[in-house]
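Chain by chain, the residues run as shown.
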Amino acid sequence: MDRPDHGREPCPWRIGEDAGGAFAMGFVGSSMINSFKGFRNAPKSANRIAHALRTAQRVAPVTGGSFAVWGATFSTLECTFSYLRGKSDSYNMIAAGTLTGGILALRSGIRSAAISAVIGGSLMAVFEMISVALNRTTADMTRPTAFEFGVSSNLSPTVLDPHGPPQEFSEDKLY
């Protein structure tokens, strides 16, 4: 389950990058959802568009901030586990998701923190399983085919033998 982090910043800078990205996602998503809610729930005598914008302006920064706290906590824990274990793999992400869920819910009590930790770890495990499955699926797409080896000029099906040159299919080899 060891996987390199292509296209990501090194660990100390990753925390700020992840917090900023999480803030942006929370802000934009909350703006869209709350502007729709503000438009729908505006009083009949009010300007619906102005009410929608006021609702989005009031709620979106708070939601973005909450997302940023989650992103910074998760990224800090992921970098900590990567440093302590000496490698970056799926286990770091799952452990970071578990602890992030627990830490952010501690103000609600131990029972709530434990439940949030289980949910956070479970979600990260599902995300990592999907990521591994997609990586394996897309890795199969990059394997060369017989046609790419220039084996067959008439596009007939070929068999690639790892111990010798490719061989053509024939009727007597099928049975």
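Residues numbered from 1 in each chain as written. Predicted model: local features only at pLDDT ≥ 70, side-chain atom pairs only at ≥ 80, totals over all residues. Heavy atoms only, no water.

### Regarding the overall build of the protein chain
Each helix and strand in the protein chain was counted, giving 5 helices and 2 strands. Shown N-terminal to C-terminal, the secondary structure of the protein chain runs as helices and strands in the order α-α-α-α-β-β-α. Out of the 175 residues in the protein chain, the part that is buried amounts to 26%. Long-range pairs, those at least 24 residues apart, make up 47% of the contacts in the protein chain between residues at least 6 apart in sequence. When the accessible surface of the protein chain is summed, it comes to about 12,100 Å², and 66% of that surface belongs to carbon and sulfur atoms. (Helix = DSSP H or I, 4+ residues; strand = E, 2+ residues; numbered from the N terminus. Buried < 20%, exposed > 50% of the residue type's maximum accessible area, 1.4 Å probe, protein only. Contact = heavy atoms within 4.5 Å. Areas by Shrake-Rupley, 256 points an atom, 1.4 Å probe, with all protein chains shown as cover.)

### What about the nonpolar core?
Generally speaking, a soluble globular protein has its nonpolar side chains buried in company with each other. F74, L77, F81, M93, A96 and M124 form the largest nonpolar core, which has 6 residues in total. Of all elements in the fold, only α2 (48-85) and α3 (90-104) reach the threshold of two or more residues within this core. No other element matches α2, which puts 3 residues into this core. Sequence-distant contacts of F81, defined by excluding residues within four places in its chain, comprise G86, N92, A95, A96 and L99. (Core = buried A, V, L, I, M, F, W, Y, C linked by side-chain atoms within 4.5 Å.)

### Comments concerning the state of the cysteines
Tallied over the entire structure, the rule returns 1 disulfide. Between C11 and C79 runs a disulfide, and the two sulfur atoms are separated by 2.3 Å. When the S-S torsion is -100°, as for the bridge of C11 with C79, the disulfide is left-handed. Of this pair, C11 sits in helix α1 (residues 11-40) while C79 is found in helix α2, placing the two residues 68 residues apart along the sequence. (Disulfide = S-S within 2.5 Å.)

### What about the packing of α2 against α3?
Describing two packed helices takes the angle between their axes plus the distance from one axis to the other. At a closest axis distance of 8 Å, the pairing of α2 and α3 adopts a crossing angle of 135°. One way to sum up the angle between α2 and α3 is to call them oblique. Regarding α2 and α3, the two cross each other, and that crossing is right-handed. On α3, the residues touching V69, W70, T73, F74, L77, E78, F81, S82 and R85 of α2 are Y91, N92, M93, A95, A96, G97, L99, T100, I103 and L104. (Axes fitted to C-alpha atoms, helices over the stretch in contact; angles between N-to-C directions. Parallel < 35°, antiparallel > 145°, perpendicular 65-115°, else oblique. Left-handed = near helix turned anticlockwise from the far one by under 90°.)

### A word on α2
With 38 residues, α2 should cover 56 Å at 1.5 Å per step; its first-to-last C-alpha distance of 54 Å lies within 8% of that length. A maximum bend of about 30° is found in α2 at V59, where proline P61 lies one to four positions downstream. The N-cap of α2, judged by a side-chain oxygen 3.3 Å from the amide nitrogen of I49 a few residues on, is N47. Backbone geometry just downstream of α2 places G86 in the positive-phi region, at approximately 80°. (Expected span 1.5 Å × (residues − 1). Bend = angle between axes of the 7 residues up to and from the residue. Polar contact = N/O pair within 3.5 Å; in protein donor to acceptor, adjacent residues only side chain to side chain.)

### Overview of the pattern of salt bridges
A complete count under the given rule lists 2 salt bridges for this structure. Between E78 and R14 there is a salt bridge, and its shortest N-O distance comes to 3.7 Å. Residue E78 is located in helix α2, and its partner R14 is located in helix α1; the two are separated by 64 residues in the primary sequence. Here E78 and R14 have matching classes, each one buried. Measuring nitrogen to oxygen at the nearest pair gives 2.6 Å for the salt bridge that ties R85 to D89. On the basis of relative accessibility, which here comes to 37%, the residue R85 falls in the partly exposed class. Under the relative-accessibility criterion, D89 is labelled buried at 3%. (Salt bridge = Lys/Arg side-chain N within 4 Å of Asp/Glu carboxyl O.)

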